[in-house]
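# Examination of the molecular architecture
Below, each chain spelled out in residue letters.
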Amino acid sequence: MKKVILMLVVFLISGAATLYGKKIRQIIFEKPQNKTVRFLVFAGTDYSAPIYKKEKATVSLTISRLTNGKEEIVWQEVLDKGSVRNFPNYSNAMYREVCVHNVFDNRETLVAYYTVSYASRKSQMSYVQGEALPQGSALDTLQVKI
């Protein structure tokens, strides 16, 4: 009986060590990947009405790398078309494609977000929206509706 229990314990310990070793090996020997992020920027509303004549908008696109709780901005661009009327509709959307090199999926998280700012007469408004890019995905798309 002692032999059976001893063999069972040895078997369980060796199995656990093997699984743990595979996880450690993945982290240590992980190869960096390239991730591509596509931004599609377009007017989500019809801004042809006279009320929008003096309405202005800017869009800030940002990709950040989060490592151990620290944020590093990898890429950023500001799109300023002036009036909201100058932003294209969905079929003619402005397109930005950014490739981020040397991403370690097990140690880092890439976050893509955008800030839309509106200015009209004496008031201003802005909002931020984004998402963490999933691990293992080589291509992600964010749609930015103005």
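Scroll up to find the structure this text is about.
Everything numeric in this text was worked out from a predicted model, so none of it was measured.

With that settled, the discussion passes to the overall build of the chain. When helices and strands are counted, the chain shows one helix and seven strands. The order of helices and strands in the chain, counted from the N terminus, is α-β-β-β-β-β-β-β. A total of 146 residues make up the chain; the buried ones form 30% of that total. Restricting the contact set of the chain to residue pairs at least 6 apart, pairs at least 24 apart contribute 70%.

Taken in spatial order, the three strands of this open sheet run β4-β1-β7, and their pairing is mixed. The outermost strands of the open sheet, each flanked by one partner alone, are β4 (94-103) and β7 (139-145). Pairs of neighbouring strands in the sheet enclose a mean axial angle of 20 degrees, with direction left out of account. Relative to β4, strand β1 (residues 33-42) is paired through eight bridges, and the arrangement is antiparallel.

With that settled, the discussion passes to the nonpolar core. In terms of nonpolar packing, the biggest core is built from 25 residues, with V41, V59, V144 and I146 touching the most fellow members. Those elements that place two or more of their residues in this core are β1, β2 (56-67), β4, β5 (108-120) and β7. Among the elements that line this core, the one with the most residues is β5, at five residues.

Another point: the sheet that holds β5. Read from one edge of the open sheet, four strands run β3-β2-β5-β6, paired in antiparallel fashion. Looking at strand neighbours, the two that pair on one side only are β3 (70-83) and β6 (123-132), the edges of this open sheet. Within the sheet, the average angular offset between the axes of one strand and its neighbour, ignoring direction, is 15 degrees. Two strands pair when backbone bridges link them, and β2 and β5 are joined in this way by twelve bridges, in the antiparallel orientation. Paired with R65 across the strands is L110, a residue of β5.

It is worth spelling out the packing of aromatic side chains at this point. Throughout the structure, instances matching the rule amount to three aromatic pairs. On the numbers, 5.8 Å between centres and 25 degrees between planes, the contact of F39 with W75 is stacked. Here F39 is found in strand β1, whereas its partner W75 is found in strand β3, with 36 residues between them in sequence. The exposure class of F39 is buried, given its relative accessible area of 0%. Aromatic side chains F42 and Y90 sit 4.9 Å apart centroid to centroid with 80 degrees between the ring planes, which places their arrangement in the edge-to-face category. Taken together, the residues F42 in strand β1 and Y90 in the loop between β3 and β4 connect sequence positions 48 residues apart.

Inspection of the secondary structure puts S137 in the loop between β6 and β7. Measuring from C-alpha to C-alpha, the distance between S137 and T36 comes to 8.8 Å, with 101 residues separating the pair along the chain.

Procedures and definitions
Residues numbered from 1 in each chain as written. Predicted model: local features only at pLDDT ≥ 70, side-chain atom pairs only at ≥ 80, totals over all residues. Heavy atoms only, no water. Helix = DSSP H or I, 4+ residues; strand = E, 2+ residues; numbered from the N terminus. Buried < 20%, exposed > 50% of the residue type's maximum accessible area, 1.4 Å probe, protein only. Contact = heavy atoms within 4.5 Å. Pairing = 2+ DSSP bridges. Axes fitted to C-alpha atoms, helices over the stretch in contact; angles between N-to-C directions. Core = buried A, V, L, I, M, F, W, Y, C linked by side-chain atoms within 4.5 Å. Phe/Tyr/Trp six-rings, centres within 6.5 Å; stacked < 30°, edge-to-face > 60°.

Read these as layout, nothing more, since geometry by itself doesn't imply function.
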